[in-house]
Amino acid sequence: MLDFYTIDDKQPKPDFPEKAGLVFAGQLDEKTFCSLQQKGIIAKRFDYYTDFRLDTALIKQMQQIILSKGLHMDTDIKSLTQILDIANTKQSGLIAYSD
């Protein structure tokens, strides 16, 4: 699973999210992640097996892509949207840890 946590854009990457007090935002399985990449929502530069960050600007861009493609009712998109909405509510970015 790929676990997402909220993180301030300027906060350095912690080795362990729980020790840094990061808030768990959700998770994606590999099949969903790959589907989101094929749909052009998650950039191909991100790897499911490598930790990565999404800053607030990239999150907004992803949400715009979802709206412009009219994919908000897609099952895979709904999984991601829940995670993105948590980041928006906290006005933060996201960091993904592959386990």
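Above this text you will find the structure in question.
Residues numbered from 1 in each chain as written. Predicted model: local features only at pLDDT ≥ 70, side-chain atom pairs only at ≥ 80, totals over all residues. Heavy atoms only, no water.

S.K.: For this particular structure, what's the right way to read the overall build of the protein?
M.R.: From N to C terminus, the protein includes three helices and four strands. Listing each helix as α and each strand as β along the protein from the N terminus yields β-β-α-β-α-α-β. For a compact globule of 99 residues, the expected C-alpha radius of gyration is about 13 Å, and the protein comes in at 13 Å, within 12% of that figure. By residue count, 40% of the 99 residues in the protein fall in the buried class. Within the protein, counting contacts between residues at least 6 apart in sequence, those at least 24 apart form 65% of the total. The protein carries 12 positive and 14 negative side-chain charges, and their two centres are separated by 5 Å. (Helix = DSSP H or I, 4+ residues; strand = E, 2+ residues; numbered from the N terminus. Rg over C-alpha atoms; globule rule 2.2 N^0.38 Å. Buried < 20%, exposed > 50% of the residue type's maximum accessible area, 1.4 Å probe, protein only. Contact = heavy atoms within 4.5 Å. Lys, Arg positive; Asp, Glu negative; His and termini not counted. Charge placed at Lys NZ, Arg CZ, Asp CG, Glu CD.)

S.K.: Looking at this structure, I do not really get helix α2 (residues 56-69). What am I missing?
M.R.: The α-helix winds at 3.6 residues per turn, so residues separated by three or four positions along the chain end up facing the same way. Compared with the 20 Å implied by 1.5 Å per residue over 14 residues, the 20 Å span of α2 between its first and last C-alpha is a close match. Buried residues of α2: Leu58, Ile59, Met62, Gln63 and Ile66, and no others. In an axial view of α2, the angular spread of the buried residues amounts to 140°, which keeps them on one side of the axis. Away from its buried face, by an angle of more than 90 degrees, α2 presents the exposed residues Ala57, Gln64, Leu67 and Ser68. Among the structural elements, β3 (52-54), α3 (75-90) and β4 (93-98) are those in contact with the buried residues of α2. (Expected span 1.5 Å × (residues − 1). Arc of directions from axis to C-beta.)

S.K.: Looking at this structure, how should I read the pairing of β4?
M.R.: Taken residue by residue, a regular strand's side chains alternate between the two faces of the sheet. Where burial is concerned, most of β4 is hidden: five out of the six residues are buried. Summarising the sheet, strand β1 (residues 2-7) and β4 pair through six bridges and their orientation is antiparallel. Its bridge partner being in β4, Thr6 is matched across the sheet by Leu94. The sheet contact formed by β3 and β4 spans three bridges and is antiparallel. Each bridged residue has a counterpart across the sheet, and for Arg53 the counterpart in β4 is Ile95. (Pairing = 2+ DSSP bridges.)

S.K.: Is there a simple way to think about the packing of aromatic side chains in this case?
M.R.: To describe a pair of aromatic rings, one takes the distance between the centres and the angle between the planes. Here the structure, examined in full by the defined rule, presents seven aromatic pairs. Ring geometry for Tyr5 versus Tyr97: centroids 5.9 Å apart, planes at 75°, classification edge-to-face. Placement of Tyr5 in strand β1 and of Tyr97 in strand β4 is noted, with a sequence separation of 92 residues between them. In terms of burial, Tyr5 and Tyr97 fall into one category: buried. With a centroid separation of 4.7 Å and an interplanar angle of 35°, the aromatic rings of Phe46 and Phe52 are classed as tilted. Among the aromatic residues, those joined into a ring-pair cluster are Phe4, Phe33, Phe46, Tyr48, Tyr49 and Phe52. (Phe/Tyr/Trp six-rings, centres within 6.5 Å; stacked < 30°, edge-to-face > 60°.)

S.K.: Teacher, can you tell me more about α3 here?
M.R.: In a regular helix each residue adds 1.5 Å, so 16 residues correspond to 22 Å; α3 covers 24 Å between its end C-alpha atoms and thus fits that length. Listed in full, the buried residues belonging to α3 are Asp76, Ile77, Leu80, Ile83, Leu84 and Ala87. Structurally, α3 contributes buried residues whose contacts are with β1, β2 (23-28), α1 (30-38), α2 and β4. The opening residue of α3 is Asp74, an N-cap whose side-chain oxygen sits 2.9 Å from the backbone nitrogen of Asp76. (Polar contact = N/O pair within 3.5 Å; in protein donor to acceptor, adjacent residues only side chain to side chain.)

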